[in-house]
Structures are given as structure tokens and as C-alpha cells.
Amino acid sequence: MTNAIASLFSRSLGMRLFVDSGALVLGAILAAVGFTALRADRVADQWVAETLAASRAAQIRYESQRIARLRLLSRLVAGDPGFVAYVAEGDAASIHDLLLERQRDLQCDLAVVLDRHGLILARTDRAGGHGEDLSRRPLVSEAMRLGEASGVWTDGERHWTAVAVPLVSGGELAEGILVTGLAIDDALALDVRRQSGAEVAFMTLLPKPRIIASTLASDGGLSAAVARQVDLRRLLAGPADAPLRINLDGRRWVVQATALAAAD
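Residues numbered from 1 in each chain as written. Predicted model: local features only at pLDDT ≥ 70, side-chain atom pairs only at ≥ 80, totals over all residues. Heavy atoms only, no water.

## Quick word on the overall build of the protein chain
- When you go through the protein chain residue by residue, the secondary structure sums to seven helices and nine strands.
- When burial is assessed residue by residue, the protein chain has 34% of its 264 residues classed as buried.
- Relative to all contacts within the protein chain whose residues are 6 or more apart in sequence, the contacts with residues 24 or more apart total 50%. (Helix = DSSP H or I, 4+ residues; strand = E, 2+ residues; numbered from the N terminus. Buried < 20%, exposed > 50% of the residue type's maximum accessible area, 1.4 Å probe, protein only. Contact = heavy atoms within 4.5 Å.)

Structure follows, in C-alpha cells:
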């Protein structure tokens, strides 16, 4: 009887040791898996944050470079006495022909000449428009008030990074305003993506959310999803919002929204 009890006790103790050892091993495995998952999440979050920061920096850099290029070349054209003389004469056909030549020289996607009151004399993005009053457009009114302006120019469908510079005669008298622009399009979005690794979409929220250029094959409702979660006034008034976490087409996305400079 004593031997049987001792044997039973020994087996019971062995079982307890086995269970306890197994629990310790399982606990260690779970702890290791949890630590690895937590570390992986942290690494992933850090990579996402760095990629978004790189994308924002690339977008700001491209925008600054485009504005600087347009401003430099536009000043050369706007200071050309021959070009300014054509504008002063006010012959729309001659101004339009010469503007097309200057557009090719500038290698820009948009060129518009306004008189000193902000009325269109000629433009290269579409036919007609002569005499249309653009004096209340933010870019034009700022240029008329301060001498130069830069920001986003739109005709409602297309969008450009643009600058407005005065057409000066005799170094003092402004005969009008020259507006030049580079398109905000898929090519620009691809350039920003190459610099950062993040997918890029340029979006307008007015009059309704709409993707105007992107690296995505399909926005999958991105414009509506961002519009629901972005405070437009806060976005335009301050620094970039914190990243948004949204689901689109069954995929999880982290989205950083940044306002373009001096949006029209």
C-alpha cells in the first residue's frame, strides 16, 4: 500500500512538474510572440511615419522648386520691353500669338496675360476669355496688391502651381500681370512618390471632394473618406493633421493630409 501511494504521489508530482514546466514554456513563447508583435508594430508605425514625413517633405520641396522656377523665368518675360509693349497696345490677337511663343520658351503649362485692372487679354489654356474679370481671384488680387503672388490656380477642372508677376514698363509702371503655371497632374504625383515611397493623391475639397491627380489606379472612395475626416478650416489654418487610419477596398491605409500653399 505504501509503495502504491508513493508511486501515485510520484506520478502526480511528475505530472504537476510537467504541467508547470509546460505552462512556463508556453508563457515564455507567448511573451516572446507578444514582444515580437509589439516590436513589429512599432517598427511598422515608425516606417509609416517616416514615409509620410518624406512624402510631405517631397511635396513641399517640389512645390517650392516649381514656384521658384516659374518666378525666375516669368520675371524675365515680364521685364522684356518688347513683350510689355505688345500688352500696352492691347491687341488681343498679337498678345495671344506672342504669349504662345513665351509659353514654349518658359516650358510651362499655363500662361495668362491680364491688363492692369485684372481683365484677361490672352490665355493659353483655352480659347476665348478676353475681357473676363479675374481681379478678385486670390492670386491676381494679391499680385495687384503686393506686386507678386504664388499658389494654386484653377479653372474649375484643371489645377496649376502658379505665380503672378507684374508686367513692368520703364521699371516702374505696371502695364498688366503675367500668370504662369505648371500642371498639378499624375506626373507630379509620381515624382513625389519616387522621392518618398508613399502613394500620393492631390485632392480638391471645393466645391466637392475630388481627386485631381494621384498615383492610385483607383481612389476607391479616398476623396470621400478623407473629406469626412479632415477639418478643412483647421487644415488650411495650421500644420498638417495627424495621420488618418481608414479602410478602402478592404485595405488599411494611413493617410497624411497637407494643404498646398496659398490655395486658390
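## Describing a negative patch on the surface
- Negative charge collects at one region of the surface, where Glu 89, Asp 91, Asp 97 and Glu 101 lie side by side.
- By secondary structure assignment, the location of Asp 91 is in the loop between α2 (81–89) and α3 (92–106). (Patch = residues over 30% accessible without salt bridge, like charges linked within 9 Å, V, L, I, M, F, W, Y side chains within 5 Å. Areas by Shrake-Rupley, 256 points an atom, 1.4 Å probe, with all protein chains shown as cover. Salt bridge = Lys/Arg side-chain N within 4 Å of Asp/Glu carboxyl O. Lys, Arg positive; Asp, Glu negative; His and termini not counted. Charge placed at Lys NZ, Arg CZ, Asp CG, Glu CD.)

## Notes on the pattern of salt bridges
- A complete count under the given rule lists eleven salt bridges for this structure.
- A salt bridge links Arg 123 to Asp 125, with the shortest nitrogen-to-oxygen separation between them at 2.7 Å. Exposure class is identical for Arg 123 and Asp 125. Each is buried.
- Arg 123 is paired through a salt bridge with Glu 132; the nearest N and O atoms lie 3.7 Å apart.
- For Glu 132, a relative accessible area of 33% gives the class partly exposed.
- Three or more residues are tied together by salt bridges with common partners; here these are Arg 123, Asp 125, Glu 132, Asp 155 and Arg 158.

## What to know about the environment of Asp 125
- Relative to the helices and strands, Asp 125 resides in the loop between β2 (120–123) and α4 (138–146).
- The exposure class assigned to Asp 125 is buried, which follows from its relative accessible area of 11%.
- For the pair Asp 125 and Val 112, spaced 13 residues apart in the sequence, the C-alpha separation amounts to 8.2 Å.
- Leaving out residues up to four positions away in the same chain, Asp 125 has contacts with Leu 110, Asp 155, Arg 158 and Trp 160.
- One polar contact links Asp 125 to Arg 123, side chain to side chain, over a distance of 2.7 Å. (Polar contact = N/O pair within 3.5 Å; in protein donor to acceptor, adjacent residues only side chain to side chain.)

## Some thoughts on the side chain of Asp 115
- Looking at where Asp 115 falls in the secondary structure, it is placed in strand β1 (residues 110–115).
- Buried charge Asp 115 goes without a salt bridge, the closest partner of opposite sign being Arg 116 at 7.2 Å.
- The contacts of Asp 115, once residues within four sequence positions are left out, are Leu 121, Glu 175, Gly 176 and Ile 177.

## So, unusual backbone geometry
- Of note in this structure, Gln 107 is not a glycine but carries a positive phi near 55°.
- Here Gln 107 is to be found in the loop between α3 and β1.
- The exposure class of Gln 107 is exposed, given its relative accessible area of 59%.

## Some words on helix α6 (residues 222–229)
- Buried residues of α6: Leu 222, Ser 223, Ala 225 and Val 226, and no others. In a view along the axis of α6, the buried residues occupy a sector of 165°, so they form one face of it.
- Where the residues of α6 are buried, they touch β6 (201–204), β7 (210–214), β8 (244–248) and β9 (251–255). (Arc of directions from axis to C-beta.)

## Quick word on the packing of α2 against α3
- Between α2 and α3, the least distance of the axes is 9 Å, while the angle of their chain directions is 150°. Put simply, α2 runs roughly antiparallel to α3. Two packed elements cross with a definite hand, and for α2 against α3 that hand is left-handed. Where α2 abuts α3, its residues Phe 83, Tyr 86 and Val 87 lie against Ser 94, Ile 95, Leu 98, Leu 99 and Arg 102.
- Within the contact of α2 with α3, the residues separate by chemical class into six nonpolar, one polar and one charged. (Axes fitted to C-alpha atoms, helices over the stretch in contact; angles between N-to-C directions. Parallel < 35°, antiparallel > 145°, perpendicular 65-115°, else oblique. Left-handed = near helix turned anticlockwise from the far one by under 90°. Nonpolar A, V, L, I, M, F, W, Y, C, P; charged D, E, K, R; others polar.)

## Overview of the nonpolar core
- Residues Phe 83, Val 87, Leu 99, Val 113, Leu 167 and Leu 178 are the most contacted members of the largest nonpolar core, which totals 21 residues.
- Sorting the residues of this core by element identifies α1 (2–78), α2, α3, β1, β2, β4 (159–169) and β5 (173–183) as the ones contributing at least two each.
- Dropping the residues within four chain positions of it, Leu 178 is found in contact with Ser 74, Val 77, Ala 78, Leu 99, Val 112, Val 113, Val 163, Ala 164, Val 165 and Leu 167.
- Judged by nonpolar contacts, the second largest core, of 16 residues, contains Leu 110, Leu 139, Trp 153 and Ala 162. (Core = buried A, V, L, I, M, F, W, Y, C linked by side-chain atoms within 4.5 Å.)

## Overview of the pairing of β1
- Burial runs high along β1: six of the six residues are buried.
- Of the two faces of β1, the one lined by Leu 110, Val 112 and Leu 114 and the one lined by Ala 111, Val 113 and Asp 115 are each fully buried.
- Where β1 lies against β2, three bridges are found, and the strand directions are antiparallel. Considered in β2, the bridge of Leu 114 is made with Ile 120.
- Hairpin connection of β1 to β2: four residues between the antiparallel strands, including Gly 118 at a positive phi of 90°. (Pairing = 2+ DSSP bridges.)

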